[in-house]
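# Secondary and tertiary structure notes
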Amino acid sequence: HILPGADPVFLAPLVQLEDLFEIQPDPIARLAALGGQDVETRLRLSRHDQRLLDSIRTLSVSARSAKVLGHIGGARAGQAALLLKAAYAGQPVNAAALQDIVVGAEAVFPISAKDLPGLSGPALGAELKRLKQVWFDSDLSKDKDALRAP
């Protein structure tokens, strides 16, 4: 076998969802649907494709919202992950969720280091991380003022 451990069981549902929503077929998403062992090594993927495959795989099993998936992975990985998650579950995809992926991909975290002038070093990093999690938990809805409020 070229790809030991690969299983095509989720490939057909993914292809059907791509067709249903008229989404351009994504070979890396389809590779993620197949699974397998040592995919990156056996297929000699580029670093970009390796990162994309890892992102799709990780996001496809995430419980995060569509907007957050789009923000974390970008539009391509977020969309592929959402479709793959639906293929895994045998569930339909809400068209609004596909749009939320794009909204999330375009969203910009409203806080930067300059918004936290009293912090530096590891404390700054920890606070930025905490605030980003709060933002994710709000489905990317909290603005700068809401995030900075005690």
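First things first, this report covers the structure right here in the doc. This one's a predicted model, so the numbers in the text were calculated from it and none came from an experiment.

Another point: the environment of proline 4. In this fold, proline 4 is placed in the segment before α1 (11-20). Taking the relative accessible area as the measure of exposure, proline 4 reaches 21% and is therefore partly exposed. For the pair proline 4 and glutamine 37, spaced 33 residues apart in the sequence, the C-alpha separation amounts to 5.8 Å. Once residues lying within four places of it in the same chain are set aside, the contact partners of proline 4 are Gly36, Gln37 and Arg42.

What follows deals with helix α5 (residues 66-89). Turn by turn, an α-helix covers 3.6 residues, leaving residues three or four places apart pointing in a common direction. Over its 24 residues, α5 extends only 16 Å from the first C-alpha to the last, a length that falls short of the 34 Å expected when each residue adds 1.5 Å. For α5, the principal kink sits at glycine 74 and spans about 130°.

Attention now moves to the pattern of salt bridges. Tallying each qualifying case throughout the model produces five salt bridges. One salt bridge connects arginine 76 with aspartate 26, and the closest N-O pair in it is separated by 2.8 Å. In this pair, arginine 76 is assigned in helix α5 and aspartate 26 in the loop between α1 and α2 (27-34), connecting sequence segments 50 residues apart. Of the residues examined, aspartate 26 reaches a relative accessible area of 10% and is grouped as buried. A salt bridge links aspartate 115 to lysine 144; the shortest N-O distance between them is 3.2 Å. In this pair, aspartate 115 is assigned in the loop between α6 (95-106) and α7 (121-137) and lysine 144 in helix α8 (residues 144-148), connecting sequence segments 29 residues apart.

So, how was this worked out
Residues numbered from 1 in each chain as written. Predicted model: local features only at pLDDT ≥ 70, side-chain atom pairs only at ≥ 80, totals over all residues. Heavy atoms only, no water. Helix = DSSP H or I, 4+ residues; strand = E, 2+ residues; numbered from the N terminus. Buried < 20%, exposed > 50% of the residue type's maximum accessible area, 1.4 Å probe, protein only. Contact = heavy atoms within 4.5 Å. Expected span 1.5 Å × (residues − 1). Bend = angle between axes of the 7 residues up to and from the residue. Salt bridge = Lys/Arg side-chain N within 4 Å of Asp/Glu carboxyl O.

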